Amino acid sequence: MVTGNQARTLKNIVSSKMKSSSLRVLAVSSGKGGVGKTNIVANLAYVLSKQGKKVLVVDADLGLNNIDILLGLNPKFHIGHVLSGEKNVQDIITEGPAGIHLLPAGGGLQELTQLDDEKKVVLMEELDQVSSGYDFLIFDTGAGISTNVTYFCSAAHEILLVATTEPTSLTDVYALIKTLHTKHAQKYFRVIINSVGSESEARLIFRNLAAVTDRFLPDVSVEYLGYILSDQVVTKAVRQQKAFSELYPHSKVTQCINRLVQKMVSEKKSVAGKEQSALFWRTAFTVQ
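Everything numeric here is computed off the predicted structure, so don't read it as measured data.

Conventions adopted
Residue positions are given per chain, counted from 1 along the sequence in the order it is written. Where local features are concerned, this predicted model is filtered to residues with pLDDT of at least 70; where side-chain atom pairs are given and counted, the filter is 80 or more; whole-chain, interface and lining totals use all residues. The side-chain figures draw on all heavy atoms in the structure; neither hydrogens nor water molecules are used. Runs of H or I in DSSP of at least four residues are treated as helices and runs of E of at least two as strands, each being numbered from the N terminus. Three exposure classes are used, based on accessible area relative to the maximum for each residue type with a 1.4 Å probe and protein chains only: buried under 20%, partly exposed in between, and exposed over 50%. In this description, contact between two residues means that some pair of their heavy atoms is separated by no more than 4.5 Å. For this analysis, a ring pair means two rings from Phe, Tyr or Trp (six-membered ring only for Trp) whose centres lie within 6.5 Å, classed as stacked if their planes differ by under 30 degrees, edge-to-face if by over 60, and tilted for the remaining angles. Definition used: whenever NZ (Lys) or CZ (Arg) falls within 6 Å of the ring centre and also within 35 degrees of the ring normal, the charge is taken to sit over that ring. In what follows, salt bridge is the name for a side-chain nitrogen of Lys or Arg lying within 4 Å of a carboxyl oxygen of Asp or Glu. In this analysis, strands are considered paired if DSSP registers two or more bridges between them. Here, axes are lines fitted to C-alpha atoms. For helices the fit covers the stretch in contact, and angles between N-to-C directions go from 0 to 180 degrees.

Comments concerning the side chain of Thr94
- Relative to the helices and strands, Thr94 resides in strand 3 (residues 94-95).
- Using a relative accessible area of 16% as the deciding quantity, one classes Thr94 as buried.
- Each residue touching Thr94, except ones within four places of it in the same chain, is listed here: Leu73, Pro75, Ile100, His101, Leu102 and Pro104.

Here it is, written out as structure tokens:
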């Protein structure tokens, strides 16, 4: 278990580093699987990297190696090797297209699906060692409300939620928002609506989600970040194990990613509240 002294020491170390750092830590999550979350992460990272940003993607869907397969990578080591003490984070970083750096999750490892406190601290310390060299650190979390998902979301500066037009997607996103708010004191969320036919459709879907959130969770702020059009080139790129923004740079769906990136990089700092961006890994564990 993490002792109070360990927790306070780690918080002090990371807080001191983060105050002088421009690093933005994003957690990209969803209420349910199959909404295109990992594809969005891969393409956000690719476009950010092409624009000269240093990006580290952590495949935080631990036990399932998703993003490395999506990008056609075959890493030898993964986060499991870090948590076992065999490797450190620097040893397992894999370079992807446009210079993206990736921390693979490791496939088929059930022991990684529920991290205990000690493993969380190990991973936190390791990421702290390398994080200062990046502009963006992006957690591609699992879907749902497991403890791993809520941990990585709570550890980030900004939480980006991906939803689609499916009613179950919206219901599950709301459930994730409610869990993160009621159990982890999260108040700020940004939403991307994926696989829509138009921006007007995306805004309608978002308004429906926001209306429910405003009614039942009045202390929560939900922001519309953008939309991703439904496009057949996405499926084509997945089959070729490439980012669609790399293979089809002039497609409509890539234009959507470009707009999202432009909005993000034009922000001078994290859009989350001051109390939320003050600490990195702020609610990763409870001080005893």
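Focus on the packing of aromatic side chains
- With the rule as written, the count across this model stands at 3 aromatic pairs.
- Arranged with centres 5.0 Å apart and planes meeting at 45 degrees, the rings of Phe139 and Phe152 form a pair that is tilted. With Phe139 in strand 5 (residues 136-143) and Phe152 in helix 7 (residues 147-155), the pair connects residues that are 13 residues apart, well separated along the chain.
- Taking relative accessible area as the criterion, Phe152 reaches 0% and is therefore assigned buried.
- Here the aromatic cluster, defined as three or more aromatic residues joined through ring pairs, consists of Phe139, Tyr151 and Phe152.
- The ring centre of Phe77 lies 4.4 Å from the NZ or CZ of Lys87, which sits over that ring.

Re the pattern of salt bridges
- One pass over the structure, following the stated rule, counts 9 salt bridges.
- Across the pair Arg24 and Glu267 runs a salt bridge whose closest N-O atoms are separated by 2.8 Å. With Arg24 in strand 1 (residues 24-30) and Glu267 in the loop between helix 12 (252-266) and helix 13 (274-277), this residue pair connects regions lying 243 residues apart in the sequence. Residues Arg24 and Glu267 agree in their burial class; the two are buried.
- For Arg190, the salt bridge goes to Glu158, with nearest N and O atoms at 3.2 Å. With Arg190 in strand 7 (residues 188-196) and Glu158 in strand 6 (residues 158-163), this residue pair connects regions lying 32 residues apart in the sequence.
- Judged by its relative accessible area of 3%, Arg190 falls in the buried class.
- Several salt bridges converge on common partners, so that one network encompasses Arg24, Glu158, Arg190, Glu223, Lys263 and Glu267.

A word on the sheet that holds strand 1
- Within the open sheet, the 8 strands sit side by side as 3-4-2-5-1-6-7-8. Their pairing is mixed. Of all the strands in the sheet, just strand 3 and strand 8 (221-229) have a single pairing partner and so form its edges.
- The sheet contact formed by strand 2 (residues 55-60) and strand 5 spans 6 bridges and is parallel. Note that in strand 5 the partner of Val55 across the bridge is Phe136.
- Contacting strand 1, strand 6, strand 7 and strand 8, helix 8 (residues 167-184) crosses the sheet at an angle of about 160 degrees to strand 6.

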